Amino acid sequence: TTIMQGDYCDNPIEFELGQDIIVECRGRNTYYSFVAENDGFAVFSYNSNKSIHFRKECGGNQLNPDKTIKEEGKVITSSYKLPVTAGQFYIVEVEVIADNGTMEISTSFEEPAVAGETSTSAIEIKNLGETIEIPYEFGRTWWYKLVADKDGFYTIRGKLGEAGSLKTIVDDSNGTETNSG
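A brief look at the structure comes next. (Residues numbered from 1 in each chain as written. Predicted model: local features only at pLDDT ≥ 70, side-chain atom pairs only at ≥ 80, totals over all residues. Heavy atoms only, no water.)

Here we come to the nonpolar core. Residues F34, F44, I52, V92 and I105 are the most contacted members of the largest nonpolar core, which totals 19 residues. Secondary-structure elements contributing two or more residues to this core are β2 (21–24), β3 (30–35), β4 (40–46), β5 (52–55), β7 (75–84), β8 (89–94) and β9 (102–110). The residues touching F34, leaving out its near neighbours within four places in the chain, are F15, L17, A42, F44, L82, V84, Q88, F89, Y90 and V92. (Core = buried A, V, L, I, M, F, W, Y, C linked by side-chain atoms within 4.5 Å. Buried < 20%, exposed > 50% of the residue type's maximum accessible area, 1.4 Å probe, protein only. Helix = DSSP H or I, 4+ residues; strand = E, 2+ residues; numbered from the N terminus. Contact = heavy atoms within 4.5 Å.)

Take a look at the structure:
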């Protein structure tokens with residue numbers, strides 16, 4: 001039996017984010033590795049429900065990226081979004097697919113969200129009554145988060161100019177969201 005690169009964790013096939021991985025299905029798991037050039041997210045997408053596992057070292061703890069599986073008809077698309085740190089080495093283990101054939105995995109890099117750019121990176125308002133200066137960029141949305149310290153009524157006002165609008169999402173302690181415009 002010939003031992004090929006990628007057959008074992010300590011002899012992975014190297015790749016760079018942005019490069020597609022073509023997995024040759026040989027009846028055993030295949031190992032790949034990359035070094036993150038920047039802080040952000042490594043994204044892996046492919047048409048299968050097979051799992052990919054991520055580690056920082058052979059035998060190390062498995063990392064837990066965000067995973068999404070979509071089914072459209074008979075096509076299953078899996079996607080992983082792994083937080084990465086610049087200069088860090090990562091191992092990618094692809095589960096056994098079959099004894100023959102190939103599988104293509106698309107890889108890409110995403111910059112981390114800038115504070116206020118998404119609902120998950122919302123800028124926290126720490127002081128009630130605080131005035132917040134919002135930089136103006138046409139077509140840009142800014143997210144802020146206020147965690148109420150007690151029950152009651154709160155008023156949010158904005159001086160937003162002609163093109164601006166203020167929308168709120170209220171998430172009560174039960175996880176119920178209410179949208180208002």
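With mixed pairing, the four strands of this open sheet are ordered in space as β1-β3-β8-β5. A strand with exactly one partner marks an edge of an open sheet, and here the two such strands are β1 (13–14) and β5. Taken together, the six bridges between β3 and β8 define a ladder with antiparallel strand orientation. Pairing of V35 across the sheet is with F89, part of β8. (Pairing = 2+ DSSP bridges.)

This part covers the sheet that holds β4. Reading across the sheet, the five strands line up as β2-β9-β4-β7-β6 and stay open at both edges, with antiparallel pairing between neighbours. Of all the strands in the sheet, just β2 and β6 (66–72) have a single pairing partner and so form its edges. This sheet shows a mean twist of 20° between the axes of neighbouring strands, independent of strand direction. Sheet analysis places β4 next to β9, joined by five bridges and oriented antiparallel. Residue pairing across strands places V43 opposite S108, the latter belonging to β9. (Axes fitted to C-alpha atoms, helices over the stretch in contact; angles between N-to-C directions.)

Once that is clear, we can look at the environment of S108. By the element assignment, S108 lies in strand β9. Judged by its relative accessible area of 31%, S108 is partly exposed. Each C-alpha atom of the pair S108 and A42 lies 5.9 Å from the other, and the pair is 66 residues apart in sequence. Among all residues touching S108, those that are not within four sequence positions of it are L17, G18, F41, A42 and V43.

Note on terminology: disulfide describes a covalent bond linking the sulfur atoms of two cysteines. Scanning the entire structure with this criterion turns up one disulfide. The disulfide partner of C9 is C58, and the S-S distance across this bridge is 2.2 Å. What sets the handedness of the C9 and C58 disulfide is the S-S torsion sign, and at about -105° it is left-handed. With C9 in the segment before β1 and C58 in the loop between β5 and β6, this residue pair connects regions lying 49 residues apart in the sequence. Overall, C9 belongs to the buried group, its relative accessible area being 15%. Exposure remark for C58: the relative accessible area of 38% places this residue in the partly exposed category. (Disulfide = S-S within 2.5 Å.)

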